[in-house]
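# Observations on chain architecture
Listed here are the chains, written in short residue letters.
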Amino acid sequence: MKIRQAVGAIVTIGNEYILILKTKINTTEGKKEIQGEWDFIKGGVEKTDSSLCEAVLRELKEETGKGTFSVIKEFEEKISFEFSQEVADRIGYHFQEITVFLVEYTGENKGFLPQDDEISEIGFFKKEEVLKKLAHYQTREFFKTHCLN
C-alpha cells in the first residue's frame, strides 16, 4: 500500500481562518478537474523538504503567494484516511497521512490570490462558518477537536 505523506495548515488571520476552494487534483495522468471543495491548505511532502515545518511553509507560499506565516504548533494527532480504489488508481496512492500545523498569517493585508491552478478561490471565514464549509469529514472532526475549545 502506497502512503502519501502530506502537511496541512489551519491558518488564522485575526479572528478568521483561511480556506481554499480546490477545483483540481493531481493524478497519474496530470491535473483533473473536480467539483469544488473547501479545505485547509494542504499538500504533499517533497523530497527536497528538510522538515515537515519547511514543507507546510512551502505549501503556504506556493498556494497563496505569501511568505509571512508563523508556525504556532504542530499537532500530534494526524489526519489519516484511505482513498477509494478509483481515486487510488488515479493518484497512485492508497492512503494519506497529514501532519497538521496551526499557523498564523502575520502579513499586512488580505490581498490573497490563488497561485496554484488547483485552487480557484481563497476565503476568510469565522470559526462557525469553517465547519459548514469544510468538504471532508475527517478535516471537520479534526477542526472540532482542536480548534473549537
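Since the structure is predicted, the reported quantities are computational estimates derived from the model, not experimental observations.

Analysis parameters
Residues numbered from 1 in each chain as written. Predicted model: local features only at pLDDT ≥ 70, side-chain atom pairs only at ≥ 80, totals over all residues. Heavy atoms only, no water. Buried < 20%, exposed > 50% of the residue type's maximum accessible area, 1.4 Å probe, protein only. Helix = DSSP H or I, 4+ residues; strand = E, 2+ residues; numbered from the N terminus. Pairing = 2+ DSSP bridges. Lys, Arg positive; Asp, Glu negative; His and termini not counted. Salt bridge = Lys/Arg side-chain N within 4 Å of Asp/Glu carboxyl O. Polar contact = N/O pair within 3.5 Å; in protein donor to acceptor, adjacent residues only side chain to side chain.

A few words now on the pairing of strand β4 (residues 41–44). Residue alternation in β4 divides its side chains into two sets, I41 and G43 and K42 and G44, and both sets are buried. Here strand β1 (residues 3–13) runs beside β4; their pairing, made up of 4 bridges, is antiparallel. Paired with A9 across the bridge in β4 is I41.

What follows deals with the side chain of K66. Mapped onto the elements, K66 comes out in the loop between α1 (52–64) and β5 (69–82). Despite its burial, K66 pairs with no opposite charge; the closest candidate is E108, at 10 Å N-O. A distance of 3.4 Å separates a polar side-chain atom of K66 from the backbone oxygen of G111.

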